[in-house]
Amino acid sequence: MARGFTGLAARVCPDDQRRSDIYRTKTNRDSWSLPQKFISSTVFDFEPRFSPDGKTIALSSARAGPVQIWSVDSDGTNPLALGPSSLHGQARPRWSRDGRSILFYATSGNNVDIYTIDAKGANLRRVTDDPAKDMNPEWSCDGKYIHFNSDRQASPGPWRVPAAGGRAERKPEVVGPETQDCKWLVYMTGWPDHTALWRKPVGGGEPELLVKSLYPEAGYEVFPEGIYYVAGDRSS
């Protein structure tokens, strides 16, 4: 969602399972408008994310062949491929707080690693370089670290690496977005059959259940004014 309370979601086309389009809806705390399709192609478009200023959308798309990170203006115009075609399966774009960089993961050879790229498609940087699978990255609230999941040890789990570069280390907490005041870590458990939404203090502490039934494919967004999500049932 953008700060102007416009929600984004990808939907697989019912008449062609090889396609998915991006829909948007306007919302406030009490109501939603009907979703309207506004980004469409002949292939998969998914994982859309508004930039912090709400002017640009980053998404994963196969519209040029391989799945790459793309950007479009907030009205769906001016598509631009950001990630190079040499990287396969580019997914999970995440904007930095200043809107200058986009974080994602992709495959090069047999390696699944974390990358960053400028919002205009320049200065691609490989953040991790390990034979293990490094996936699902998130920025820390202060932008100093990149958190991600990895199976680089016998027990897969959360890791972090300095955003400016350096050695990765095992992270005690789960991976998820942090609130902008750096007080809370928000995360999911039980995907996909019993998906719930939790929060816990950044740096450790007791977890608190926020939503007992979260729609697993919809995800959630953390903003200063609250958390937006799609409930798995109406009692959540």
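Before any of the text, the structure's been laid out above.
This one's a predicted model, so the numbers in the text were calculated from it and none came from an experiment.

**Looking at the overall build of the chain**
At step 1: Counting secondary structure elements, the chain contains zero helices and 20 strands.
At step 2: Looking at the chain residue by residue over its 236 residues, the buried ones come to 42%.
At step 3: A sequence separation of at least 24 residues applies to 29% of the contacts in the chain between residues at least 6 apart.
At step 4: Within the structure as shown, the chain displays about 12,600 Å² of accessible surface, and the carbon and sulfur contribution to it stands at 49%.

**As for the environment of Arg167**
At step 1: Within the secondary structure layout, Arg167 lies in the loop between strand S14 (157–162) and strand S15 (169–170).
At step 2: Separated by 39 residues in the primary sequence, Arg167 and Thr128 have C-alpha atoms spaced 8.7 Å apart.
At step 3: When near neighbours in sequence (up to four residues on either side) are disregarded, Arg167 contacts Arg160, Val161 and Pro162.

**Quick look at the layout of surface pockets**
At step 1: The volume enclosed by the second largest pocket comes to roughly 210 Å³.
At step 2: In terms of residue count, the dominant contributor to the lining of the second largest pocket is strand S6 (residues 68–73) (three residues).
At step 3: For the lining of the second largest pocket, the class distribution of residues is five nonpolar, five polar and five charged.

**Description of the packing of aromatic side chains**
At step 1: Considering all chains together, one arrives at two aromatic pairs under this definition.
At step 2: Between the aromatic rings of Phe104 and Tyr115, the centroid separation amounts to 5.8 Å while the plane-to-plane angle is 20 degrees, which identifies the pairing as stacked. Separated by eleven residues along the polypeptide, Phe104 in strand S9 (residues 101–108) and Tyr115 in strand S10 (residues 111–118) bring together distant segments of the chain. The burial state of Phe104 is the same as that of Tyr115; both residues are buried.
At step 3: Ring geometry for Phe223 against Tyr228: centres 6.1 Å apart, planes inclined by 75 degrees, an arrangement best described as edge-to-face. Taken individually, Phe223 and Tyr228 each receive the classification buried, so the pair is uniform in this respect.
At step 4: Positioned above the aromatic ring of Trp159 is the side chain of Arg152, whose terminal nitrogen or guanidinium carbon lies 5.0 Å from the ring centre.
At step 5: Seen from the ring of Tyr145, Arg160 lies directly overhead, with NZ or CZ sitting 3.9 Å from the centre.

**Section: the sheet that holds strand S4 (residues 45–50)**
At step 1: In spatial order, the strands read S4-S5-S6-S7; together these four strands make up an open sheet with antiparallel pairing. Two strands in the sheet have a free side with no partner beyond their single neighbour: S4 and strand S7 (80–81).
At step 2: As judged from the four bridges shared by S4 and strand S5 (residues 56–61), these two strands associate in the antiparallel manner. From the neighbouring strand, Arg49 faces S5, where its bridge partner is Ala58.

Reading guide: rules and limits
Residues numbered from 1 in each chain as written. Predicted model: local features only at pLDDT ≥ 70, side-chain atom pairs only at ≥ 80, totals over all residues. Heavy atoms only, no water. Helix = DSSP H or I, 4+ residues; strand = E, 2+ residues; numbered from the N terminus. Buried < 20%, exposed > 50% of the residue type's maximum accessible area, 1.4 Å probe, protein only. Contact = heavy atoms within 4.5 Å. Areas by Shrake-Rupley, 256 points an atom, 1.4 Å probe, with all protein chains shown as cover. 1 Å grid on protein atoms, 1.4 Å probe; cavity = no way out; pocket = protein on both sides within 12 Å on 5 of 7 lines; lining within 4 Å. Points joined across faces, edges and corners; volume = space filled by probe spheres on them. Nonpolar A, V, L, I, M, F, W, Y, C, P; charged D, E, K, R; others polar. Phe/Tyr/Trp six-rings, centres within 6.5 Å; stacked < 30°, edge-to-face > 60°. Lys NZ or Arg CZ within 6 Å of the ring centre and 35° of its normal. Pairing = 2+ DSSP bridges.

Keep in mind that these numbers describe shape and distance, not what the molecule does.
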